[in-house]
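Report on the structure
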Amino acid sequence: MSASKAVPEGLKNQECEKGNRKKRPPIPYIPVVDEVQEAVNRGKEYSYKIKLPDKTEFNVPIWDTGTQEAFLIHVQQAKSACKRKGLFKDYDDALEAESRADEQVKSLRRAISKANKKKEKEKETDPPSQSSQDDLKAELAEALLEKKAAESSLVEAAEGFFSLYANLLSEDARFRWDKIVTSQVGTAPWTDLQGNEHPDAREKCMQSFQDCMTFHLLDMFPSDAAEQQRFYISNVLKKPQRVTVRNFFQRVEQLNGYLSYLPCIYDSPRATPATKPVAAFDEAELANLLLRMCPESWQDQYDLTQDSLPQSVRKLLGVLENVEKVVANSNAKEKAAKESAEKATGKRDKGKRKGTGSDNLRVPKKVRFAKNCALCQKHGGAHTTHTTSECRKYKDDGTLQKSFGGKAADGKKRHSSGKKESSNSFAQVMERFSKLEKAIKKSQKSAHKRKRRHESSDTSDSDSE
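Residues numbered from 1 in each chain as written. Predicted model: local features only at pLDDT ≥ 70, side-chain atom pairs only at ≥ 80, totals over all residues. Heavy atoms only, no water.

1. Some words on the confidence of the model for the protein
- Residues at a pLDDT of 70 or more form 80% of the protein, whose mean pLDDT is 82.
- When the criterion is pLDDT under 50, residues 406-423 qualifies, and its contacts beyond four places in sequence or with other chains add up to 12 contacts.
- Here residues 459-465 is modelled with pLDDT under 50, and outside its nearest four sequence neighbours on either side it reaches 0 contacts, counting other chains as well. (pLDDT = per-residue confidence, 0-100. Contact = heavy atoms within 4.5 Å.)

What follows is the structure, encoded as structure tokens:
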């Protein structure tokens, strides 16, 4: 599936999700992109070549770092590589062979024990009976060899998928995997996913491999990731308008496929006797969910044309693609009819007055007339702002009008009364300030002299006494 088709550039969460979710799901519809990590890992991607028994080869990327979805995809690829290489089949065959050999050993031992009891009871010394017991013992020895060979094949197959999974990790990522395997296999006591402690060590097997992969996934996902993802698919997702129904179905099916790999509460210490493992939606459930993710008008069209609820995603896709074509054709016809009507009446969107509430009003262009004052143009002034008849600066003979507060002939500003306007000049203000300052100093000196004369007179009076 092309990610650009299911997730076009610029697609926002509001377009494909109902409401405003603050808590994000483990894997959202729009893939999370780590631009910094992609820039660092660009050109550094390595792959592991795997040879199959039929002499064909395929490559699997080696995991180093990345987003949560990328890690889950890698775990899927690693498990698929073990399956394609035949390691799971070899393990199942060895397990079945061991089971058959074990049953045969038990059966032969029961037969030998029964023959011995019969011999002791009847006290038989017949040679044919002795040869029969020898045959049973020979068959038992052969069954024991077969069981031992099956056990050896079982250990070899288990070691194969453990090693292949480790080889698909980089050196930094492999450290964590080796630590998980060491804590789960060949160690006593060991603790399972539910937090229960077991005193006896266990060997490498399919169950221990699954548990180790779950522990590895818990490094990137919360313990209830499957429950969160299932709720996100069933209650939050909706079809974006910019995405075709086929591409939308493909992305949702991909998200549904992640459910069987994600950790769930069943594999955690929070599990109770009533807790059940989370599984992916089956065909009928997913088809009903996909229908409810589409617009209500599409659902109405489905109800009109179909007699029952959808049971197959493929059949539902065929029906909704027809609905999508009908809706697209209808929208295209409406748009063409609107454009042709506007073209026929000469009405265009360009030039519409905003806020008038009518789509058929056209804003007329503002007509501007050139203005020119011959007096201001001749004697100086803004001649383009008014006409000659409106001029308030000059008279017809070119002299300044009395009502105009402009400059006089001598270059000094005057009021309408003809007096010079100098009260606000900076020089006069400074002159007044200096005069005021001198007056204050003079008053202070006179006060000081009066005080000294008063003090001297008081001193003389006291001396005379």
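2. Quick notes on the layout of surface pockets
- Quantified by volume, the second largest pocket comes out at close to 420 Å³.
- In this structure, the second largest pocket is lined by 24 residues; those nearest its centre are Leu193, Gln210, Thr214, Ser260 and Asp267.
- Among the secondary structure elements, those contributing two or more residues to the lining of the second largest pocket are helix 4 (68-84) and helix 8 (206-217).
- Element by element, the count of residues in the lining of the second largest pocket is highest for helix 8, at 6 residues.
- For the lining of the second largest pocket, the residue count by class is 14 nonpolar, 5 polar and 5 charged. (1 Å grid on protein atoms, 1.4 Å probe; cavity = no way out; pocket = protein on both sides within 12 Å on 5 of 7 lines; lining within 4 Å. Points joined across faces, edges and corners; volume = space filled by probe spheres on them. Helix = DSSP H or I, 4+ residues; strand = E, 2+ residues; numbered from the N terminus. Nonpolar A, V, L, I, M, F, W, Y, C, P; charged D, E, K, R; others polar.)

3. Here's the deal with a nonpolar patch on the surface
- On the surface, Phe426, Met430 and Phe433 cluster together into a nonpolar patch covering about 370 Å² of accessible area.
- Along the chain, Phe433 falls in helix 15 (residues 426-464).
- Phe433 gets classed as exposed once you look at its relative accessible area, which sits at 51%. (Patch = residues over 30% accessible without salt bridge, like charges linked within 9 Å, V, L, I, M, F, W, Y side chains within 5 Å. Areas by Shrake-Rupley, 256 points an atom, 1.4 Å probe, with all protein chains shown as cover. Salt bridge = Lys/Arg side-chain N within 4 Å of Asp/Glu carboxyl O. Buried < 20%, exposed > 50% of the residue type's maximum accessible area, 1.4 Å probe, protein only.)

4. Digging into a negative patch on the surface
- Taken together, the side chains of Asp134, Asp135, Glu139, Glu142 and Glu146 define an acidic patch exposed on the protein surface.
- As for its position among the elements, Glu142 is in helix 6 (residues 127-167).
- According to the relative accessible area criterion, Glu142 is partly exposed, its value standing at 48%. (Lys, Arg positive; Asp, Glu negative; His and termini not counted. Charge placed at Lys NZ, Arg CZ, Asp CG, Glu CD.)

5. As for the pattern of salt bridges
- Counted by the stated rule, this structure contains 13 salt bridges.
- Residues Asp102 and Lys106 are paired through a salt bridge, measuring 3.4 Å at the closest nitrogen-oxygen approach. With a gap of 4 residues between them, Asp102 and Lys106 both fall in helix 5 (residues 87-122), about one helical turn apart.
- With its nearest N and O atoms 2.8 Å apart, the salt bridge here joins Asp102 to Lys147. With Asp102 in helix 5 and Lys147 in helix 6, this residue pair connects regions lying 45 residues apart in the sequence.
- Take Lys147: its relative accessible area is 21%, and that puts it in the partly exposed class.
- A network of salt bridges, in which partner residues are shared, links Asp102, Lys106 and Lys147.

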